[in-house]
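# Reading the structure
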Amino acid sequence: MDGVHDLGGMQGFGPATWPGAEEPTHADWERRAFVLALATGPYSAHGFRHTIERIGPARYLEESYYGKWLFEAELALVETGAITHAEVDAMAARLAAGETPQRTDDPVAAAKLVRALQRRRPLRPPVAPRFAVGDSVRVRRMRPFWHTRCPRYLRGAAGVIAIVHGDDGVPDVDNAVTETVYAVRFAARDLWGADVGDHLVHADLWQRYLEPV
Amino acid sequence: MGGMQGFGAATWPGAEEPWHEDWEIRAFALALITGVERLRRNSSRADREEMAPAEYLRVGYFERWVYSTERGVVANGVVTPAEIKAMADRVAGGHAPTPTSDPAQAAHLLAELRRARPLAAAVAPRFGPGAAVRVRRARPVGHNRLPRYLRGCRGRVERIHPGDRVPGGDIEAVYLVRFASCDVFGDDGERCTILADLFESYLEAA
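Fair warning: this is a prediction, and the values are worked out from it, not measured in the lab. (Residues numbered from 1 in each chain as written. Chains lettered and ligands numbered in written order. Predicted model: local features only at pLDDT ≥ 70, side-chain atom pairs only at ≥ 80, totals over all residues. Heavy atoms only, no water.)

A separate point is the domain arrangement of chain A. Residue and element names in this part refer to chain A. According to the domain assignment, chain A contains domain 1 (28-118) and domain 2 (136-212). Each of domain 1 and domain 2 was reduced to a C-alpha centroid, and the two centroids are 31 Å apart. Contacts between the two partners involve 5 residues from domain 1, matched on the other side by 8 residues from domain 2. Between domain 1 and domain 2, a total of about 600 Å² is buried, with carbon and sulfur atoms accounting for 54% of that surface. In this assembly, domain 1 and domain 2 are joined by 0 salt bridges. There are 2 residue pairs in polar contact (both at pLDDT 80 or more) connecting domain 1 and domain 2. Looking at the side of domain 1 that touches domain 2 residue by residue, the classes come out as no nonpolar, 3 polar and 2 charged. (Domains from an automatic or database assignment. Contact = heavy atoms within 4.5 Å. Buried area = accessible area lost by both parts, 1.4 Å probe. Salt bridge = Lys/Arg side-chain N within 4 Å of Asp/Glu carboxyl O. Polar contact = N/O pair within 3.5 Å; in protein donor to acceptor, adjacent residues only side chain to side chain. Nonpolar A, V, L, I, M, F, W, Y, C, P; charged D, E, K, R; others polar.)

Below, the structure is given as structure tokens:
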């Protein structure tokens, strides 16, 4: 979906980093939100991102990073029928009234989650790559209605294959569908015009985003 | 926001009304009067585009006008941010602002609004009707009328409009350019034709 989350190439959002930005979390609840989103899976990176992209645009920009994860966890649980929004609201009201939440410890679930996180998921070697290093490609124009990893600012731009990474699940479809992922090199001037300087932009792009030039 | 998704319906019951609250009429008049009377700098769109992105999306159309009017009069030194805050605090505290009536100023404003401002004659247009053009890729600073979703797209000149002042520049020819939706959004979704008014400096020969 070409929603407000696709900030690449946009202006007016302030500095990309700030003192303290390198810390993984900035409040205790953020660690719990992170664990909640992971533990309530089934963890599917692309479905997860599509759910986050359905936050209303103004709220998306206002919410912190882990606020979005919490939104995702709640919506995903509501949509699988595990909980209702009303239950979440009722618990929020009880907490606001001073109730101490019950603590749940489940060492087995915790160990399972840690194992899943530590499992390496290397890219598979490319099976039938359409492009080779040095090939000229153009990013397709598209109007995706689900999650995509093809940034808007690259659409229609011409670049060169820099690396053939390997095969991976296609975010736009399903992890079960795999195809080759490439690092594509663009001249910044081919993205933003002649007055931006000589730097290069590299992007990892799935094969279906590309067409030969 | 052109070409973006996820913002909900573009129209809704009642959307055709010019405004929905009394204060919006006053916000509109205030923006116009401060412009006509040259009390503020004339860069409303650039000012509104500098709103913080989340705030820009959250507030209504006329709240953005209030924002740019405020910035414009502050930039001209007509009022100070402290004065605006002091008055906002007084109104929040129950103070009823005194209505001011100035029939001469109102008449002047109406006369200005009704004054026809014909576009300039097209200045030696570089492209003729039917010419194949490509929209330039750009990273503009300041207000511009070059939608992102058209950058790099090929289209054809459908009509040459009279000339107009390009934001931040001089009088230029303006073209109505026709794009096939597949050249803008690929083959996803319904096919259609997209027409956009574009300044000559936004275009190059294709």
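We now examine the sheet that holds strand 3 (residues 174-187) of chain A. In a beta sheet, neighbouring strands pair by backbone hydrogen bonds and run either parallel or antiparallel. Residue and element names in this part refer to chain A. Taken in spatial order, the 5 strands of this open sheet run 4-3-2-1-5, and their pairing is antiparallel. For this open sheet the edge positions go to strand 4 (200-206) and strand 5 (210-212), each flanked by a neighbour on one side alone. Taking each pair of neighbouring strands and ignoring which way they run, the sheet shows an average axis angle of 35°. (Pairing = 2+ DSSP bridges. Helix = DSSP H or I, 4+ residues; strand = E, 2+ residues; numbered from the N terminus. Axes fitted to C-alpha atoms, helices over the stretch in contact; angles between N-to-C directions.)

The interface is formed by 23 residues belonging to chain B together with 28 residues belonging to chain A. Buried surface at the junction of chain B and chain A, both sides included, amounts to about 2,300 Å², of which 51% is carbon and sulfur. By the criterion of area lost to chain A, the three top residues of chain B are Gln5(B), Arg137(B) and Arg139(B), representing 36% of everything that side buries. Linking chain B with chain A are 1 salt bridge. Across the pair Glu62(A) and Arg58(B) runs a salt bridge whose closest N-O atoms are separated by 2.4 Å. Linking chain B with chain A are 13 residue pairs in polar contact (both at pLDDT 80 or more), by the criterion used here. Of all the elements in the fold, those that place two or more residues in the side of chain B that touches chain A are helix 3 (53-58) and helix 7 (181-185) of chain B. Broken down by element, the side of chain B that touches chain A gets its largest block of residues, 4 residues, from helix 3 of chain B. For the side of chain B that touches chain A, the class distribution of residues is 11 nonpolar, 5 polar and 7 charged.

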